[in-house]
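# Breakdown of the fold
One-letter residues, chain by chain:
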Amino acid sequence: MSDVDPLIRREMQWLALGVLENRDLAPMIIAKVRRERIRRAVVSAIVILAIGIMSIALFEGIRSIAHSNNSVSTVSQPLGKNSATQPVIQGLISDYPITWEQSVGDLGAISAAGGLGDTLGGLTATGLKISWERCGKGQCPLSWVLSVKNETNDLISASPSLSVFTGHSPIVSDSRPTTVIPGGTALLVYTFPEFKDSLPVSQNSTWQWNWYLSPLR
């Protein structure tokens, strides 16, 4: 019995416990075991098939959701690598006073100087947020976020630049090339970390700014 199939051995042992008629039970037991193995194989195949179908459906669902989210993100965000994904900024947001400077401050400018509400090259400045940090004996505006909106019906590619002045003297200018879809808004981030390390500022320092358009490179 050691080489007999375990299922056949089990069936024969069970049948040996009851009172049966005097006949050979081996064919009946072998047939029963064969049916049991076929049934197990069919059930296993059905389970594997069901798991495969569920896995495929789950994968397709996740891919569809990811594709939908990517499509929405692509449409809602303005074009251009310098656009920032930050909340909409309206008006001037600053912890310290700052005024507009009419001087452009850069000989490479292709437009006049603008402030909030001004439109240059089809882009209108709708908001400005300034973050300040301690430098010298006063505070320095290290981070600037300028919000520009395309209120035209055309795709606009431009290079808005921002100039910073102290005591009405130009300190630095920086540009952020961007492309904005019709009706879209771009948030342009300008940072000047060098102010904190190398700019001597007194408590009575005054700050000015403007924005203008530079040539696209």
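Everything numeric in this text was worked out from a predicted model, so none of it was measured.

Conventions used here
Residues numbered from 1 in each chain as written. Predicted model: local features only at pLDDT ≥ 70, side-chain atom pairs only at ≥ 80, totals over all residues. Heavy atoms only, no water. Salt bridge = Lys/Arg side-chain N within 4 Å of Asp/Glu carboxyl O. Helix = DSSP H or I, 4+ residues; strand = E, 2+ residues; numbered from the N terminus. Buried < 20%, exposed > 50% of the residue type's maximum accessible area, 1.4 Å probe, protein only. Disulfide = S-S within 2.5 Å. pLDDT = per-residue confidence, 0-100. Contact = heavy atoms within 4.5 Å. Phe/Tyr/Trp six-rings, centres within 6.5 Å; stacked < 30°, edge-to-face > 60°. Patch = residues over 30% accessible without salt bridge, like charges linked within 9 Å, V, L, I, M, F, W, Y side chains within 5 Å. Areas by Shrake-Rupley, 256 points an atom, 1.4 Å probe, with all protein chains shown as cover. Pairing = 2+ DSSP bridges.

We now examine the pattern of salt bridges. Two side chains bearing opposite charge may form a pair once their charged atoms approach each other closely. Tallied over the full model, the rule gives four salt bridges. Between R39 and E36 there is a salt bridge, with the nearest N and O atoms lying 2.9 Å from each other. Linking R39 with E36, this pair stays in helix α2 (residues 26–76), spanning three residues, or about one helical turn. Taking relative accessible area as the criterion, E36 reaches 23% and is therefore assigned partly exposed. D174 is the salt-bridge partner of R176, the closest N and O atoms lying 2.9 Å from each other. We classify R176 as buried; its relative accessible area is 16%. Because the salt bridges share partners, they merge into one network encompassing E36, R39 and R40.

With that settled, the discussion passes to the state of the cysteines. What makes a disulfide is a covalent bond joining the sulfur atoms belonging to two cysteines. If you walk through the whole model with that rule in mind, you get one disulfide. Covalent S-S linkage joins C135 and C140, the inter-sulfur distance amounting to 1.5 Å. On the sign convention where negative is left-handed, the bridge of C135 and C140, at about 55° about the S-S bond, is right-handed. C140 gets classed as buried once you look at its relative accessible area, which sits at 0%.

Further remarks concern the confidence of the model for the protein. In this model, the protein carries a mean pLDDT of 81, and residues with pLDDT of at least 70 account for 76%. The least confident element of the protein is helix α1 (residues 6–15), whose mean pLDDT is 63; the most confident is strand β3 (residues 119–120), at 96. Within the model, the stretch residues 70–85 combines pLDDT values under 50 with 23 contacts to residues more than four positions away or in other chains.

Right, let's get into the packing of aromatic side chains. On inspection of all chains with the given rule, the structure shows four aromatic pairs. Plain terms: the ring middles of F195 and W207 are 6.1 Å apart, the flat faces sit at 35° to each other, and that makes the pair tilted. Residue F195 is found in helix α3 (residues 194–198), and its partner W207 is found in strand β10 (residues 207–214); the two are separated by 12 residues along the sequence. For W207, a relative accessible area of 5% puts it in the buried group. Taken together, the ring pairs connect Y96, W132, F192, F195 and W207 into an aromatic cluster.

Turning our eyes to something else, we now look at a nonpolar patch on the surface. Judged by side-chain polarity, I38, V42 and I46 come together as a nonpolar surface patch covering roughly 280 Å² of accessible area. Tracing the backbone through its elements, the reader meets V42 in helix α2. Taking the relative accessible area as the measure of exposure, V42 reaches 44% and is therefore partly exposed.

Moving on, we come to the pairing of strand β5 (residues 138–150). Across the 13 residues that make up β5, a large majority, 10, are buried. With 12 bridges joining them, strand β4 (residues 123–135) and β5 adopt antiparallel strand pairing. Within β5, the residue paired with G127 across the bridge is S147. Between β4 and β5, which pair antiparallel one after the other, the connecting turn spans two residues, and G136 there sits at a positive phi close to 65°.

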